[in-house]
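Structural description and commentary
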Amino acid sequence: MNRKTFLILLATLSALFLMLAFLWKSDSVFQKAVVILLGTSNNQTGAVFGKVGEYAVQPLPVSGATVKVAGKSTKTDENGIYRLDRVPVDNQKLIVESPNHERYEKSVDIQKGENKADISMSLTPEETISRWLMVQKEGRFDIAYKYLHPQNQKWLSKYEYVGWHDQANQQLSLSIKSYTIGNKSLLDSWTDVYTGRIYKNVAEVDFTLSIEATVNEVTSEFTDKTTAHLVKVDHEWKGFWAP
């Protein structure tokens, strides 16, 4: 190879490297294409960690939830803590699944090093009703009131809600012994018969109560099958009630 040919080859290679460097810096599609072709991204990885909690009246850490990122998965501990190491640096989809909670999914930008991603999951409508009935069963009516939709609370105060239940307990020794959650349906719309207001995207949940009451010193137990309607407000399902 003579000197002239060598210089031409050197100039061509230099121009090619400059062009590739420019494309790598400015074109993310080009970067991904190179990663796919070469099967590497400089082996850059990061760790994803955080805590999984709830959107709820009384939020709890979500233990045993499955957290998935880029084909890797782990489960949260009893405190809702999770960690995934060696996750490829890129924009990845983070998915969290847990019984009694709605599936959580979002994109996370994984950087080299530590990446914190705390998560809050919404309860399912069925779990919301179950927790609502539980605090009712325990007589914690001030907490139960928080499960009501804000529009319901506008015309029914906490004082009225708690007072009605306290009075029913005193006069009839009325109490919930047990309850069973039934089927759930999602409605495009539903009309609240007490206010005439129409709500969109409503969850309809059937449930059965076993109720004990005492009248004239005679105690009896009966079942009450009913249907609740819930509308999501700021990630939480909220219900409706009238005396």
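Scroll up to find the structure.
So, how was this worked out
Residues numbered from 1 in each chain as written. Predicted model: local features only at pLDDT ≥ 70, side-chain atom pairs only at ≥ 80, totals over all residues. Heavy atoms only, no water. Helix = DSSP H or I, 4+ residues; strand = E, 2+ residues; numbered from the N terminus. Contact = heavy atoms within 4.5 Å. Areas by Shrake-Rupley, 256 points an atom, 1.4 Å probe, with all protein chains shown as cover. Pairing = 2+ DSSP bridges. Axes fitted to C-alpha atoms, helices over the stretch in contact; angles between N-to-C directions. Phe/Tyr/Trp six-rings, centres within 6.5 Å; stacked < 30°, edge-to-face > 60°. Buried < 20%, exposed > 50% of the residue type's maximum accessible area, 1.4 Å probe, protein only. Patch = residues over 30% accessible without salt bridge, like charges linked within 9 Å, V, L, I, M, F, W, Y side chains within 5 Å. Salt bridge = Lys/Arg side-chain N within 4 Å of Asp/Glu carboxyl O.

1. Concerning the overall build of the protein
Assigned secondary structure in the protein consists of six helices and twelve strands. By sequence separation, contacts in the protein at least 24 residues apart represent 55% of the contacts at least 6 residues apart. A total accessible area of about 15,100 Å² is found for the protein, and carbon and sulfur atoms account for 53% of it.

2. Examining the pairing of strand E6 (residues 104–110)
Direction of pairing for strand E5 (residues 90–97) relative to E6: antiparallel, over a ladder of seven bridges. Within E6, the position partnered with Gln92 by the bridge is Val108.

3. Some remarks on the environment of Ser98
With respect to the secondary-structure elements, Ser98 resides in the loop between E5 and E6. For the pair Ser98 and Met121, spaced 23 residues apart in sequence, the C-alpha to C-alpha distance is 8.9 Å. Setting aside anything within four residues of it in sequence, one finds Ser98 in contact with Val62, Ala65 and Met121.

4. Notes on the sheet that holds E5
Strand order in this open sheet of four strands is E3-E2-E5-E6, and the pairing throughout is antiparallel. On the outer flanks of this sheet lie strand E3 (72–75) and E6, each paired with one strand and no other. If you compare each strand with its neighbour and ignore which way they point, the axes differ by 20° on average.

5. Things to note about the packing of aromatic side chains
Going through the model one piece at a time under the given rule, you end up with eight aromatic pairs. Ring geometry for Trp190 and Phe240: centres 5.0 Å apart, planes at 55°, overall tilted. Here Trp190 is found in strand E9 (residues 175–191), whereas its partner Phe240 is found in the segment after strand E12 (236–239), with 50 residues between them in sequence. Where Tyr199 meets Phe240, the ring centres are 4.9 Å apart and the plane angle is 55°; that geometry is what we call tilted. With Tyr199 in strand E10 (residues 198–215) and Phe240 in the segment after E12, this residue pair connects regions lying 41 residues apart in the sequence. Taken together through their ring pairs, the aromatic side chains of Tyr145, Tyr161, Trp164 and Trp241 make up a single cluster.

6. Examining the environment of Phe222
Inspection of the secondary structure puts Phe222 in strand E11 (residues 218–233). Since its relative accessible area comes to 38%, Phe222 is described here as partly exposed. Taking the C-alpha atoms as reference points, Phe222 and Leu209, 13 residues apart in sequence, are found 8.2 Å from one another. The contact partners of Phe222, leaving out residues within four places of it in the chain, are Leu209, Ser210, Ile211 and Ala213.

7. Regarding the pairing of E5
Two elements, strand E2 (residues 66–69) and E5, share four bridges in a ladder whose sense is antiparallel. In the sheet register, Thr66 faces E5, and the bridge partner there is Glu97. Taking the residues that link successive antiparallel strands as the turn, the E5-E6 hairpin has six residues, and the phi of Asn100 there is positive, at about 70°.

8. Observations concerning a nonpolar patch on the surface
A contiguous nonpolar surface patch, about 370 Å² in accessible area, is contributed by Trp155, Val193 and Tyr194. For Trp155, the position within the fold is in helix H5 (residues 150–155).

9. Points about unusual backbone geometry
In this structure, Asn100 is a non-glycine residue whose phi angle is positive, near 70°. Turning to its location among the elements, Asn100 is positioned in the loop between E5 and E6. Notably, Asn201 is not glycine yet its phi reads approximately 55°, a positive angle. Relative to the assigned elements, Asn201 resides in strand E10. Note on Asn201: relative accessible area 58%, which makes it exposed.

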